[in-house]
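Here is how the chains run, residue by residue.
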Amino acid sequence: MTELPLVLTVFVACAVEAVEALTIVLAAGLTREWRSTFQGMSVALVVLAAVIAIVGPALTLIPLQPLRLVVGALLAVFGLQWLRKAVLRASGYKELHDETGIYARQVAAAEAAGASRRGWVHDWYAFTLSFKGVLLEGLEVVFIALTFGASQHSIGWAAVGAVAAVVVVAAVGIAVRAPLARVPENGMKFAVGVMLTSFGVFWAAEGAGAAWPGNDAALLVIVPATLLAALGYVTLLRRARQGAAAAPVAVAVAPGGAGQRPVRPEGEGR
Amino acid sequence: MRRLRAFGAFWYDFVIGDDWRGAAVVAAAIAATAALVAAGVNAWWLLPVSALAALGWSLRRATAGKN
C-alpha cells in the first residue's frame, strides 16, 4: 500500500476529532476564560505527547504479524462502532452530529456553572472542560494514527496526516472563531468508519495467518465492498422507517362505545 | 479500586462502545480464521463476511421496536 491512503485516512479521521475538540475549546474560551482554557488544553497535549512517546516506539519493536493481529482486531472493532453510529445517523435512527447544537449546549452549561479557583488555575470549569475535550478527542487521534502507522511501519507518515489535520482545523478555527458547522462531519465519519473497518479486517486476517488474494490490492475490493454493505444497510433501514411511518393505522370505534382501538390492515401485524 | 474500574470502563467504552456483540463476533472470527489457516484452509473471506454480518446484527438490535 502506498502512503497516500494512509495519510488521507488519518487526516480525515483526525480532522473530525479536531473539529469536535475545537467546539469544546471555543465554548470554554469564549464563554469562560481563555487563560484557563489554554492551560487545560496544554496539559492535555502534554499527556497526549507522553502517550505517543511511550506507546509509539514500543509498537515499532513488536513483530509485524502479531502487531497486525492485535491492531487489526482493535481497528475492526473500533471501526464497526464508528460505522454502526454512522449508519444509524444516515438512516435517521440517530440524531445527526451537529456542531452548532453541541456548541450551544456547551455554552449554556459553561454559563450556568459557577466560578472556582484551584491552585494556578483561575477558572477550574474552563480548565477541566478544555482538558477533557482535548484529551478525549486527542486520544482517538493518537489511537488511529499509531495503529495505522504501526501496521504499515509508517508512523512518520501517519503523524504527518494527524498533525496536518490538527493544524488545518486549528487555523480555520482561529480564523472564524466559531464551531466549524459547515464541515461535512457526518459524511466524514461514515467514510472513516468504512476505512477503519476495512483496514482492521485486512490486517487482522493477515495477522491470523490468512493470505489475501492480490495481497495489498485486496484493499481495492474490501473498501468498496464495506462501503456498499454500509450503504445497503442505510437503504434497508430507511425503507423500514418510511414503511412504518406510511403504514395506515385505522381507528375503529368499538360497538357499544367501549372505546377506541387501533386496527392494522391485513398482513401488517407481527 | 474505583479508579481502576473507571479506567477499565473508559477503555471498554472507547474501543467496544455500545454493543459488545460486534467485538465478540470479530474475536471469534479471528480465532476461526487462525484455526482454519492452521488446518490448511486460506480463510481470508471469513473475517470480512463476519464483520459485515455483525454490523447488520447490531443495527437490527439497535433499531428493533423503534419503528
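The structure contained in this document is the topic of the report that follows. Residue numbers restart at each chain and count upward from 1, following the sequence in its written direction. Written order determines the labels here, with chains lettered from A and ligands numbered from 1. Residue-level local features of this predicted model are given only where pLDDT is at least 70; pairs of side-chain atoms are given and counted only at 80 or more, and the full residue set underlies all totals for whole chains, interfaces and linings.

**Description of the interface of chain B and chain A**
And step 1. Facing 28 residues of chain B, the contacting portion of chain A comprises 30 residues.
And step 2. Numbering of helices and strands runs from the N terminus, with a helix taken as a DSSP run of H or I at least four residues long and a strand as a DSSP run of E at least two residues long. Contributing elements (two or more residues each) for the side of chain B that touches chain A: helix 2 (20-38) and helix 3 (46-63) of chain B.
And step 3. With 11 residues, helix 3 of chain B is the single largest residue contributor to the side of chain B that touches chain A.
And step 4. Throughout, the ten residues Ala, Val, Leu, Ile, Met, Phe, Trp, Tyr, Cys and Pro are labelled nonpolar, Asp, Glu, Lys and Arg are labelled charged, and all others, Gly among them, are labelled polar. Of the residues belonging to the side of chain B that touches chain A, the class tally is 18 nonpolar, eight polar and two charged. C-beta atoms are placed from the backbone for every residue, and two residues are taken to be in contact when these atoms lie within 7 Å.

**Quick notes on unusual backbone geometry**
All names here are of chain A.
And step 1. Even without being a glycine, H153 presents a positive backbone phi close to 55 degrees.
And step 2. By secondary structure assignment, the location of H153 is in the loop between helix 5 (124-151) and helix 6 (155-176).
And step 3. Residue H153 is classed as exposed on the basis of its 12 C-beta neighbours within 10 Å.
And step 4. A positive phi angle is found at N215, which is not glycine, with a value near 55 degrees.
And step 5. For N215, the location among the structural elements is in the loop between helix 7 (185-207) and helix 8 (219-246). Three exposure classes are used. Buried residues have 20 or more other C-beta atoms within 10 Å of their own C-beta, exposed residues have 12 or fewer, and partly exposed residues fall in between, all C-beta atoms being placed from the backbone.

**Comments concerning the nonpolar core**
And step 1. In this structure, V10, C14, V87, A145 and A204 of chain A together with V26 of chain B are the most contacted members of the largest nonpolar core, which totals 90 residues.
And step 2. When neighbours within four sequence positions are excluded, A145 of chain A is seen to be in contact with V10, C14, A158, A159, G161 and A162 of chain A. Take the buried Ala, Val, Leu, Ile, Met, Phe, Trp, Tyr and Cys residues, join any whose C-beta atoms are within 7 Å, and the set you get is a nonpolar core.

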